[in-house]
Amino acid sequence: MRALSERPEPEQLAEHGQYSEEVHGLLEDLRETIFDYQMVQQKEIYDQRRKLVPAEAVILKDFPSAKAAEYRHGDRKGCLRGTRGAILDEIELWARDSDKPPIYWLNGLAGTGKSTIAQTIAERIFADGRLGASFFCSRDFQDRRDLKFIFPTIAVQLARNYPESRSIFVPLVQSDPEIAHESLYNQMDRLIVRPLKQSHISTVIVIDALDECKDEEPASAILSVLGQFVSQIPKVKFFVTGRPEPRIREGFRLPLLAEATDVFILHEVEPSRVNTDILLFFGHNFSELKARRRGLGDWPSSEQLDLLCERAAGLFVYAVAIIKFIDHKNNNPKGQLERILQLPTSSVHEGKTRFRPNTTLDSLYMSIIQQAFDDDDSEDDHKTRSVLGAVVLAANPLSPSTIAALLGIDHEDVFLRLSSIHSLLILQEDADSPVRAFHKSFPDFIVDPTRCINERFHVSPPNHHPELMAGCLELMNQMLEKNMCNLPDGVANREVDDLRERTKRHLDPTLRYACRSWHRHLIDEHTVHSPPIASALRLFLEKKFLFWLEALSVLGAAREAVDALEVAAKWLEVSPTLDLINDCFRFVTGFFEIISTSCPHIYHSALPLSPRKSIVRSLYEQHARPLARVVYGLPSSWESSIAATMFPSPIEAAVWSPCSRFVAILRETMIEIMDAVTLERITTLYPPTSPKPRLVFSPNTRLLTWCGGCPLNLISWDLQTGGLVSSIALEPPGYPIEYTSVTYSTCGTMVASLFRVGSTFTTSICNVLSNTHTYSHSAEGQPLEEIWTHGKCFRFATTHSGSTTIWEVGFALPHTLTQVESLPIPDNFHPQQIPQFHPTSSRLAFETEASIVIWDAQHSKFLLESTVASQHAATSMTFSSDGCFFACGMMDMGAHLWKESPTGYTIHRRLLSNISASNPLVSPNGELIIAFSGPAIQLWRTADSATSLSDDLTLAIQSWEKEFVLGFSSDEALAAVTRVEDETVVVLDLKSGITRMTIDTGMKVYGVGVGGSAVVVVGEGKIVTWNLPAGNDVLNPRANVNDSVLTATLRDWPLFDKLRLTLVSPDLRRIAMIGQCEGDDDDNNDGNNDDDDNDNDNDNHSFLHLYDVATGQRLASHRAGFEVGISFSLDGREVWSTLGEGDLSRWKIIEDGESDTIRLEHLESSIGPSGGLPWKSSRGYQVTNRGWVVSSIGKQLLWLPPSWREPTWSGRFLVFLDWKLPEPVILELEE
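Residues numbered from 1 in each chain as written. Predicted model: local features only at pLDDT ≥ 70, side-chain atom pairs only at ≥ 80, totals over all residues. Heavy atoms only, no water.

Okay, empty space enclosed by the protein next. In total, this model carries four cavities of 30 Å³ or more according to the counting rule given. Put simply, the largest cavity is a space of about 260 Å³. Lining the largest cavity are 20 residues, and of these G590, W638, E639, P1201 and S1203 sit closest to its centre. Mapped by element, the contributors of at least two residues to the lining of the largest cavity are α28 (577–590) and β9 (643–646). Class assignment of the residues belonging to the lining of the largest cavity gives a composition of twelve nonpolar, six polar and two charged. The space that makes up the second largest cavity amounts to roughly 60 Å³. Taken together, E481, N483, M484, C485, L487, L507, F547, E550, A551, V554 and C599 make up the lining of the second largest cavity. (1 Å grid on protein atoms, 1.4 Å probe; cavity = no way out; pocket = protein on both sides within 12 Å on 5 of 7 lines; lining within 4 Å. Points joined across faces, edges and corners; volume = space filled by probe spheres on them. Helix = DSSP H or I, 4+ residues; strand = E, 2+ residues; numbered from the N terminus. Nonpolar A, V, L, I, M, F, W, Y, C, P; charged D, E, K, R; others polar.)

This is the structure in structure tokens:
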């Protein structure tokens, strides 16, 4: 045994023995044999593990993941036998050694063979039984360059490969199907880390070419997340490859990753070792070539091989391209090799691909192209450039057949041209398979005129993008049709089980590309403006716009419609088509929620509810399939806001991102990051509960910081990963904190906060990346609300003794507080709330008792003095970043926007729409403005046309605050409508929507009722009745007070100090009124007071009065609450009222025949009969929180815009009486 143990290892024999080459060969043969055996065994084991029950198979199939991202998919090849032995052995040793760091980074420049090594490692680790998952990134494919797909794809593979992981993963997805769309942090935590921790699985995960993923973070987002979790799963190892781009380098330099990572720099391997491998590669491939091709003999010579190896200079991509070029079936290999060897040994046009002096990739590429297309024919060259342009400029890889369709070239011609340069491409025999550049260095070469110096082949993006754009438009104009996927009426996209299969069947790859990518070929000013393209674009919008939206909807790409229309509008600049594009844009943003979730409701909801004067409506109205009929009041034009949405709970705070692309919304215990144009939720964070918290983005939008809580804390998250970055406790001088302001340093590492407690304010500075509190200073004084960044300092302002003082604290340690300057403030500076200060222009905005004021402290003059009534006090004020705009929200009157002018600030737009908006915020780029109030938020564009308004806001709003009142006939055939205190009543025929009669009442109207033959109007101290004209022969006659048939005087008018609700009974016999009286008014009560709990502390009481229409006599009274709704029962024998949703009061009308009196009896039961409640549908219709009107059986009938979410019901009619609507809207739902 001792003699046996002392025998030398085979490797020692190979190195020192006389038969070293033979022993090496035997060892490699043995390794390959063992490897092949292991692969067979592991495949059997994995097949057993992957046996799924049907429910599991469906969940894993439908879970969002990238296709063909696993090592065993596609045409990827591993290392040639005998090459890369040392690095492969080192990586395998790392994978097996539990004491080695959990992460291995294979760092290499372009062309050094990283992906080939990753493929081989994945195969070997699989054969070893330890491969859990693999993800091969690729910038050529949407799902494989999207960071959001990496962790879900890995999770699916882990669930397939390990039953222990699957038993955790499947229930998780069943309980939370949307988990794949959460932040990277939550994806990693919930989909990978928790299942691996619970199952105690030991495995290796391979991620290749991480640099090819789209990632705008300074440090790789994937690596940031790995760093936060890798210590929690010590049995799991990650093998990662990527070029040393800045974000990849910075990611691996993160403190949590630096000590957990082994790094191998591939391009620093000893040249002799790499050359040996490349020489083996050449020898193997030439041997295979000679076996297939006759007459090659001893070719190539050893000198030729050495020269090729020298030319490769360590780049495996060069060696592979050489072999592909020489091994072309239509060319003589010897001649091909001679052409390569005749190339110059160096090139001055190496551009970005050069990392060694003698690299000659550009010369190689040019030689291959010139040989393929040696005929100098201008027309033929144009076709060649067009085909090459389609390969290198396409947003996603295109197949030869798709390229042919887009360019209008015969597909055989396209395939022939691509085959001629097959050595530079990944080209399949199938014309429907995508073609890609063999290496990313080729597209870089062909579009760079300093590298591709032959103009015959240079692809100029500004010239070739329009070709692809024109092809996309022509294809869509020819192929798009309505309901191409044959979806049933009324369904949501997620309800169609086979939607993916339908999409593949009815939308071929070429059409899918055209729909999703046409706008990507409009590269703004770089794209040649072409009248034919502008004409094709207009035709597309006029004929195919809605069908295009359908395609994007089923493809899950509705957001791309917004991008496309914005790009097209900028490209056109000035054109008759611009109005059409803007209308299309308003259609998409106004109905984005349904376009993205339910393709059929483009025709059921969006089109029928579009404004009457919408261009889109006029072009496509014949395609509408409404499930509800608009009887009356459809707005004539789009709302001033371009988007709006409602949340289930009130919004507490909002903030813009510095890039103006996102808005962070804080409500209850969550922060929602929203798309700034569609208001679509992107991600959600969960801070602690806190009164008056503040939010701020970092300058690069990477981080979001929340400041609030008790005790006060500063919490920061990484937005791309969703992970917690830091949590720092602050030290205020006490509580409660009256307000807080926070801002970031320009470098994005420090956050300064300013908060006030009583008469003391505190300035605090924290480093959010190092999680440290570096400065705190407290002083007595009255600071202005904002703290801001100026150069390398934080600044804030205080007011005292007729001046504003600017202070600053430097970023550098030790932080020092210094006074900068003192500015004058006006004599009338007695603000009702904390003023707003614009630091760049030194302008101060504040509110006095009667006006909104902007003071220019630099020049000691007023720029704005706008009168405001006290009941419309300002709720918030804000400047745009450049001071060009000033926005102010006011109580009960929405928000207004002022614009800077030579004379000061003039009112630019009224931001009041169908949602009361009282907290406006202008985006940093000055192009957008949001305003929120309660659960509602709206979005406007500042550049939209100004409105003509008086600067006296009290006068401007006097006509707004009047509610609509409406009465239905009991048979639901007629409706009478007016606005409170208006003098005109309109009677509508609900079947036709035509005005039956218009009445000039001559008095302020408070209530209306209509029956089959009469109209009853309740006005100032009177009840007046008009007869309706008989039949339908005479429609819309005008009547006035002289045409009335009955007038009764209301006794005791005015009845209330504040009249709130008025209603006429269905039989037009009685009137119910609810109002508010001050003091204890016995005259308002009939003695039946069993509701004394409704008294309030100010001795204000609400009463319900019942009047007779014919005499005006009060019939009965009863103490009431502060109701928001009132109704008669259908038989007129009960009065119902509500204090809010689900809170119902009932009074029974009791007639005493003997005494000829009537009294109201309050009923104990709050459960009313099934019909007649205006705030509840008698037919089972409901409006969901997301704005869907659903039938009693749950069918989605209609999606309502956010401004139409508080309906009044009458049978099958749905009515919106919001006072901010130009007219009441009446909809009739299908039975």
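Back to the text.
The next point concerns the packing of aromatic side chains. Under the criterion given, the structure shown has 32 aromatic pairs. Aromatic side chains F886 and W898 sit 5.6 Å apart centroid to centroid with 40° between the ring planes, which places their arrangement in the tilted category. Here W898 lies in strand β32 (residues 895–901) and F886 lies in strand β31 (residues 885–890), a separation of twelve residues in the sequence. Given a relative accessible area of 0%, F886 falls into the buried group. Ring-pair connections join several aromatic residues into one group, and the members of that group are W518, F540, F545, W548, F587, F591, W638 and W1199. Over the face of the ring belonging to Y603 we find K482, whose NZ or CZ atom lies 4.5 Å from the ring centre. (Phe/Tyr/Trp six-rings, centres within 6.5 Å; stacked < 30°, edge-to-face > 60°. Buried < 20%, exposed > 50% of the residue type's maximum accessible area, 1.4 Å probe, protein only. Lys NZ or Arg CZ within 6 Å of the ring centre and 35° of its normal.)

Moving on: helix α7 (residues 150–161). Working note: α-helix, 3.6 residues per turn, so residues spaced by three or four point in the same direction. For α7, spanning twelve residues, the distance from its first C-alpha to its last is 17 Å, which sits close to the expected 16 Å at 1.5 Å a residue. Across the twelve residues of α7, eleven count as buried, placing the element largely inside the fold. All of the buried residues in α7 are I150, F151, P152, T153, I154, A155, V156, Q157, L158, A159 and N161. (Expected span 1.5 Å × (residues − 1).)

So, about the side chain of S745. Along the polypeptide, S745 turns up in the loop between β18 (739–744) and β19 (750–757). On the basis of relative accessibility, which here comes to 0%, the residue S745 falls in the buried class. Those residues in contact with S745 that lie beyond four places of it in its chain are P699, M750, T789, F794 and F811. (Contact = heavy atoms within 4.5 Å.)

With that settled, the discussion passes to the pattern of salt bridges. If you walk through the whole model with that rule in mind, you get 41 salt bridges. One salt bridge connects E808 with R795, and the closest N-O pair in it is separated by 2.9 Å. Separated by 13 residues along the polypeptide, E808 in strand β24 (residues 803–810) and R795 in strand β23 (residues 793–800) bring together distant segments of the chain. Judged by relative accessible area, which is 17%, E808 ranks as buried. Residue R795 is classed as buried on the basis of its relative accessible area of 13%. (Salt bridge = Lys/Arg side-chain N within 4 Å of Asp/Glu carboxyl O.)

We now examine the sheet that holds strand β21 (residues 772–780). Strands sit in the order β18-β19-β20-β21 across an open sheet of four strands; the sheet is antiparallel. Among the strands making up the open sheet, the edge pair consists of β18 and β21. Put simply, the sheet's adjacent strands are angled 15° from each other on average, direction ignored. (Pairing = 2+ DSSP bridges. Axes fitted to C-alpha atoms, helices over the stretch in contact; angles between N-to-C directions.)

Relative to each other, helix α9 (residues 184–199) and helix α10 (residues 221–229) sit at 50°, their axes nearing to 10 Å. Considering the angle they form, α9 stands oblique to α10. Crossing hand, α9 versus α10: right-handed. Counted together, L184, Y185, M188, D189 and V193 of α9 and A221, I222, V225, L226, Q228 and F229 of α10 form the full contact between these two elements. A breakdown of the residues in the contact of α9 with α10 according to their chemical character gives nine nonpolar, one polar and one charged. (Parallel < 35°, antiparallel > 145°, perpendicular 65-115°, else oblique. Left-handed = near helix turned anticlockwise from the far one by under 90°.)

A word on the sheet that holds strand β30 (residues 874–879). The strand order β30-β31-β32-β33 describes an open sheet built from four strands, whose pairing is antiparallel. Lying at the two open borders of the sheet, with one neighbouring strand each, are β30 and β33 (904–910). On average, each strand axis in the sheet is tilted by 25° relative to the strand beside it, whichever way the strands run. With six bridges joining them, β32 and β33 adopt antiparallel strand pairing. Bridge pairing links E900 to Y905 in β33.

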